[in-house]
Amino acid sequence: MADTQALQFHCTTCPSECLLDVVIEKDGDVTRVLSVHGNRCQRGAAFAEQETACPMRILATTVPVTGGDQPLLPVRTRESIPRALHMQAMELLRATQVAAPVRMGDVVVPDILDSGVDVVASLDIGCER
């Protein structure tokens, strides 16, 4: 039996952050977008489809650094990964430590959780003086 729901959320594909009114139909594990209103461009409609099927986000956190002039290195996924993977990714990153020096853009964890997305350094960190 299909269930119809009305959702409201902001599109994050551009600075306009349109408020989207989305009507979806859920039938078991299948979610189908019936309508999208409030978007000023097609990216909003595509975002609504993606957000209801498999929400994707950039993951940003910090990892400890050994021998560096800073104790923590900010890192992030190079691209969005499914939000459902974030908790697992955080567990893996909690156990990760990097050695200085590190350059912005260096790969800290390649292909995290077989997502096809690398975790990269977001800052240069030099060695202790």
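The rules behind the values
- Residues numbered from 1 in each chain as written.
- Predicted model: local features only at pLDDT ≥ 70, side-chain atom pairs only at ≥ 80, totals over all residues.
- Heavy atoms only, no water.
- Helix = DSSP H or I, 4+ residues; strand = E, 2+ residues; numbered from the N terminus.
- Salt bridge = Lys/Arg side-chain N within 4 Å of Asp/Glu carboxyl O.
- Buried < 20%, exposed > 50% of the residue type's maximum accessible area, 1.4 Å probe, protein only.
- Core = buried A, V, L, I, M, F, W, Y, C linked by side-chain atoms within 4.5 Å.
- Contact = heavy atoms within 4.5 Å.
- Pairing = 2+ DSSP bridges.
- Axes fitted to C-alpha atoms, helices over the stretch in contact; angles between N-to-C directions.

### Digging into the environment of K26
- With respect to the helices and strands, K26 occurs in strand β2 (residues 19-27).
- Along the primary structure K26 and D3 are separated by 23 residues, whereas in three dimensions their C-alpha atoms are 5.1 Å apart.

### What about the pattern of salt bridges?
- Inspection of every chain in the model, using the stated rule, returns 4 salt bridges.
- Residues R103 and D124 are paired through a salt bridge, measuring 3.5 Å at the closest nitrogen-oxygen approach. On the criterion of sequence distance, the pair formed by R103 in the loop between β8 (98-99) and β9 (107-109) and D124 in the segment after β10 (119-121) is long-range, its members being 21 residues apart.
- Looking at D124, the relative accessible area reads 39%, which means it is partly exposed.
- Within this structure, E51, R57 and R83 form a network of salt bridges that share partners.

### Observations concerning the nonpolar core
- Ranked by internal contacts, the top residues of the largest apolar core, which has 19 residues, are L73, L93, V98, V108 and V119.
- Mapped by element, the contributors of at least two residues to this core are β5 (60-66), β6 (72-77), α2 (86-94), β9 and β10.
- Per-element tally for this core: the top contributor is α2, with 3 residues.
- Residues in contact with L73, not counting those within four places in the same chain, are T61, T62, V63, V65, V98, V102, V108, A121, L123 and I125.
- One finds F9, V22, V33 and V36 within the second-largest nonpolar core, a separate group that totals 10 residues.

### Section: the sheet that holds β5
- What the 5 strands build is an open sheet, ordered β8-β5-β6-β10-β9; its pairing is mixed. Only two strands of the sheet have a single partner each, and these edge strands are β8 and β9.
- Sheet topology note: the β5/β8 ladder contains 2 bridges and is parallel. Bridge pairing in β8 links V65 to V98.
- Along the sheet, α2 contacts β5, β9 and β10; its crossing angle with β5, the most-contacted strand, is approximately 15°.

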